[in-house]
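Chain by chain, the residues run as shown.
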Amino acid sequence: MTRRGDAAAGSRAFPARTVVAYHDGVLGRMRSRSVGAPRPGVPEVVLVQGLAVADYLLPGLAAFGRWTRAHLVELPGFGGSGEPPHELDVPEFGRCVADWLTARDLHRVVLAGHSSGTQVAARAAVDHPNVAAVVLASPTVDPAARGWLRLLARWRLDSRREPAGLGPSHRPEWKRAGPKRLLHTVGAHLKEPLEASVRRLAVPVLVLHGRQDVIGTRRWALRLAALPPDGRFADVPGAHTFPWLDPEAWSEPVRHLAEEVASRP
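Conventions and cut-offs
- Residues numbered from 1 in each chain as written.
- Predicted model: local features only at pLDDT ≥ 70, side-chain atom pairs only at ≥ 80, totals over all residues.
- Heavy atoms only, no water.
- Phe/Tyr/Trp six-rings, centres within 6.5 Å; stacked < 30°, edge-to-face > 60°.
- Buried < 20%, exposed > 50% of the residue type's maximum accessible area, 1.4 Å probe, protein only.
- Salt bridge = Lys/Arg side-chain N within 4 Å of Asp/Glu carboxyl O.
- Helix = DSSP H or I, 4+ residues; strand = E, 2+ residues; numbered from the N terminus.
- Core = buried A, V, L, I, M, F, W, Y, C linked by side-chain atoms within 4.5 Å.
- Contact = heavy atoms within 4.5 Å.
- Pairing = 2+ DSSP bridges.
- Right-handed = clockwise from strand over helix to strand, strands pointing away.

Attention shifts here to the packing of aromatic side chains. Tallying each qualifying case throughout the model produces four aromatic pairs. Each ring, one from Phe64 and one from Trp67, has its centre 6.1 Å from the other, and the planes form 85°; the classification is edge-to-face. A residue is classified by how much of its surface remains accessible, and Phe64, at 0% relative accessible area, is buried. When its relative accessible area of 10% is taken as the criterion, Trp67 is described as buried. Joined through ring pairs, the aromatic side chains of Phe64, Trp67, Phe242 and Trp250 make up one cluster.

Right, here's the structure in full:
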């Protein structure tokens, strides 16, 4: 089911128009929001939401939409998606995204995740025939922060480096998820070793790290980029949620990656 609608309003550069679609997937209904238009020979970008929140990625989605069609996928239980049959873990979220990719049949896509979405994207991409490349932006969870107190301390420190409007933009989505689901989801992501999925990725993998990000360290991002057969790394300006403040910070590196995989047979 697809309809057109105005994107969320706000101070950031949200897309002026989006195409909203719903997919009744294996573990619940999923909403996606798409911008831009398909271009011959250019892979489309599929972006997986962060931890319980997706709207903050709309400025970054708009940046991708200037050179290809780009899709923001929301997981069951969050944002505009439906309720799951039970509380999901990361492998199940990955299954949901893989099912969405199969249903949409977009041929060759760049599958990107931000923050906790990197864990989901990496899971979904393993052996999926439609994924031509993977982007891990602000990857979590850094092994040095795999604990509730350590992660909370890093999150609070990073929040001081984020723009003032970011927190308020999250609140409606946090409210929709509710505290019980939020706590469950954080715990599920703390248990998921991202590096195990990354080692299994046979496609090009781009790891992006915000220079001021303290939730995930540069050392951790470099380590991830060295794990797959075809990994690469780029530093970008900003803290953990850098696409909110500077959408172009990831648009250009991802565009270059898309051009590279498009030139391959």
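Bringing the pattern of salt bridges into the picture now. Evaluation of the coordinates by the stated rule reveals 20 salt bridges. Linking Arg33 and Glu74 is a salt bridge whose minimum nitrogen-to-oxygen distance equals 2.9 Å. One end of the pair, Arg33, is in strand β3 (residues 28–35); the other, Glu74, is in the loop between β5 (70–73) and α2 (90–104), and 41 residues separate them in sequence. Comparing Arg33 with Glu74 shows no difference in burial state: the two are buried.

As a further point, take the nonpolar core. One finds Val46, Leu75, Val97, Leu101, Leu111, Val131 and Val134 to be the most contacted residues of the largest nonpolar core, which totals 39 residues. Counting residues per element, this core draws most heavily on α2, at seven residues. Here Val46 is in contact with His71, Val73, Trp100, Leu101, Leu106, Val109, Val110, Leu111 and Ala112, once residues within four sequence places are set aside.

This paragraph deals with the pairing of strand β7 (residues 131–137). When a strand is regular, its side chains alternate between the sheet's two faces. Along β7, seven of the seven residues are buried, which leaves the element largely enclosed by surrounding structure. Two elements, strand β6 (residues 109–114) and β7, share six bridges in a ladder whose sense is parallel. Note that in β7 the partner of Ala112 across the bridge is Val135. Taking the sense of rotation as the criterion, the β-α-β connection linking β6, helix α3 (residues 117–125) and β7 turns out right-handed.

Moving on, we get to the pairing of strand β9 (residues 231–236). The pairing of strand β8 (residues 205–210) with β9 spans six bridges and is parallel. Of the residues in β9, the one forming a bridge with His209 is Asp235.

A cis amide bond links Thr140 to the next residue, Val141, at an omega of -5°. Turning to its location among the elements, Val141 is positioned in the loop between β7 and α4 (148–159). Of note, Ser115 is a non-glycine position whose phi angle comes to about 55°, a positive value. Note on placement: Ser115 falls in the loop between β6 and α3. Residue classification places Ser115 among the buried positions, given a relative accessible area of 12%. Backbone geometry places Asp127, a non-glycine residue, at a positive phi of 65°. Its location among the elements puts Asp127 in the loop between α3 and β7.

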